Amino acid sequence: LRLWRCRCRALLSRPTGAPRARRGLAAGPEMHFGFQTVTEEERREKIYQVFENVAKKYDVMNDSMTLGIHRVWKDILVHKMNPCPGTLLLDVAGGTGDIAFRFINYVRSVRQRQLQRKLKHHQNLSWQEIFESYQNDKFNSLGDSQVVVCDINREMLKVGKQKAQHLGYSEGLSWVLGNAEELPFDDDKFDVYTIAFGIRNVTRIDLALQEAYRVLKPGGRFLCLEFSHVSNPLLSRLYDLYSFQVIPVLGEVIAGDWRSYQYLVESIRQFPPQEELKAMIEDAGFFKVDYENLNFGIVAIHSGFKL
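You'll find the chain entered in an unreviewed UniProt entry as COQ5 protein, with Calcarius ornatus given as the organism. Turning to the chain, the UniProt record has this under Subunit (unreviewed entry): "Component of a multi-subunit COQ enzyme complex, composed of at least COQ3, COQ4, COQ5, COQ6, COQ7 and COQ9. Interacts with PYURF; the interaction is direct, stabilizes COQ5 protein and associates PYURF with COQ enzyme complex." UniProt lists a comment for the chain under the heading Function (unreviewed entry), and it reads "Methyltransferase required for the conversion of 2-decaprenyl-6-methoxy-1,4-benzoquinol (DDMQH2) to 2-decaprenyl-3-methyl-6-methoxy-1,4-benzoquinol (DMQH2)."

See below:
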């Protein structure tokens, strides 16, 4: 009986909510969840819950928060990628499919231009040969390109799949449940790795960058689009006013969720500035790392290569 009581006291004395051990993911020190200080495991669980809550209204809120400019930023990212037919893309934290759909559209347009140039240089083709060329292109409009969307959140993937079905995207597109810090893919597999507005919500950015490097082929490219730090002092003050006074209110009105959008604003302020993130990407092994500020640094596109 005394031994049983001792064991009960020992169990009750253990702290609750202790981080669970995972491969390659130590409990680690305390870290930020917005402006709160939490353990690594608590941060991971809280962020998962944020995106579980906002998934259904994610696209509407993106349009509202950025006045639709996020669409332009994503277009710039894909144009910077400049994928050619045959490219194998991994889009991480891309659950709603915005980058994947743009990638497919871009590759299709490249394929169409290639076909037009081919036909232009073969003026002596018969009508039947031209028709057959168009038919072949129709059934292989991506030129063997593939995009794999990987997201840790089931609800975000569910929304993305529903959008793909509604918009008619199926060819060259697959969806995978997975953690950016422990990707379920082989080494040296992808030509391009993208992560758009996702890396600041990764618990261990260093591990996510290491995984990005691992799964890219030699010569492969890393591209990250993320909210960053505004360089202009006046614009920075106006941006802060809008972020903290307007965005949480929009979250409450549109999504019925003040707290999640308050966290998203706070997470932007806690995210490393451009030069610091650049150094982290270089530490992961990437070469030719640079970044391009958009809208005075409200967002930045970081780029690097695995050589």
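Back to the write-up after that little detour.
Participant: Which residues make up the sheet that holds strand β7 (residues 216–227), and what are the values?
Facilitator: The sheet built from 7 strands is open, its strands ordered β5-β4-β3-β6-β7-β9-β8 with mixed pairing. With one partner strand each, in any of the chains shown, β5 (173–177) and β8 (287–294) form the two edges of the open sheet. Ignoring which end each strand starts from, the neighbouring axes of this sheet average 15° apart. The pairing of strand β4 (residues 146–151) with β5 spans 5 bridges and is classified as parallel. Within the sheet, the bridge partner assigned to cysteine 150 lies in β5 and is valine 176. Relative to the sheet, helix α12 (residues 274–283) contacts β7, β8 and β9 (299–305), its axis offset from that of β8 by approximately 155°.

Participant: Which residues make up the packing of aromatic side chains, and what are the values?
Facilitator: Under the definition given, this model contains 8 aromatic pairs. Residues tryptophan 73 and phenylalanine 197 carry aromatic rings whose centres are separated by 6.2 Å and whose planes lie at 55° to one another, so their mutual orientation is tilted. Linking tryptophan 73 in helix α4 (residues 69–81) with phenylalanine 197 in the loop between β6 (190–196) and α8 (205–215), this pair joins segments that are 124 residues apart in sequence. Phenylalanine 197 carries the same exposure label as tryptophan 73, and that label is buried. An aromatic cluster of at least three residues, connected via ring pairs, comprises Tyr193, Tyr213, Phe222 and Phe286. Sitting over the ring of phenylalanine 190, lysine 189 keeps its end group 5.9 Å from the ring centre. Taking NZ or CZ as reference, lysine 306 lies 4.9 Å from the ring centre of tyrosine 213, over its face.

Participant: Report on the pattern of salt bridges, specifying residues and quantitative values.
Facilitator: Evaluated as defined, the whole model comprises 13 salt bridges. In this structure, glutamate 292 engages lysine 80 in a salt bridge whose closest nitrogen and oxygen atoms are separated by 3.3 Å. Note that glutamate 292 is positioned in strand β8 and lysine 80 in helix α4, a separation of 212 residues in sequence. In this structure, arginine 269 engages aspartate 240 in a salt bridge whose closest nitrogen and oxygen atoms are separated by 2.6 Å. Highlighted residues: arginine 269 in helix α11 (residues 258–270) and aspartate 240 in helix α9 (residues 233–245), separated in sequence by 29 residues. Of the residues examined, arginine 269 reaches a relative accessible area of 21% and is grouped as partly exposed. The class of aspartate 240 is partly exposed, set by a relative accessible area of 29%.

Participant: Explain the packing of α9 against α11 to me, using residue names and the numbers behind them.
Facilitator: Packing of α9 against α11 leaves a shortest axis separation of 9 Å and a crossing angle of 150°. With respect to their mutual orientation, α9 and α11 come out roughly antiparallel. Along its contact with α9, which presents Tyr239, Asp240, Ser243 and Phe244, the element α11 presents Gln262, Val265, Glu266, Ile268 and Arg269. Tallied by class, residues from the contact of α9 with α11 come to 4 nonpolar, 2 polar and 3 charged.

Participant: I'd love a proper account of a nonpolar patch on the surface, names of residues and values included.
Facilitator: Taken together, Leu67, Ile69, Val72 and Ile76 make up a surface patch of nonpolar side chains, about 340 Å² in accessible area. Structurally, the position occupied by isoleucine 69 is in helix α4. A relative accessible area of 32% places isoleucine 69 in the partly exposed class.

Calculation notes
Residues numbered from 1 in each chain as written. Predicted model: local features only at pLDDT ≥ 70, side-chain atom pairs only at ≥ 80, totals over all residues. Heavy atoms only, no water. UniProt positions renumbered as here; feature names shortened; annotations may be inferred. Pairing = 2+ DSSP bridges. Helix = DSSP H or I, 4+ residues; strand = E, 2+ residues; numbered from the N terminus. Axes fitted to C-alpha atoms, helices over the stretch in contact; angles between N-to-C directions. Contact = heavy atoms within 4.5 Å. Phe/Tyr/Trp six-rings, centres within 6.5 Å; stacked < 30°, edge-to-face > 60°. Buried < 20%, exposed > 50% of the residue type's maximum accessible area, 1.4 Å probe, protein only. Lys NZ or Arg CZ within 6 Å of the ring centre and 35° of its normal. Salt bridge = Lys/Arg side-chain N within 4 Å of Asp/Glu carboxyl O. Parallel < 35°, antiparallel > 145°, perpendicular 65-115°, else oblique. Nonpolar A, V, L, I, M, F, W, Y, C, P; charged D, E, K, R; others polar. Patch = residues over 30% accessible without salt bridge, like charges linked within 9 Å, V, L, I, M, F, W, Y side chains within 5 Å. Areas by Shrake-Rupley, 256 points an atom, 1.4 Å probe, with all protein chains shown as cover.

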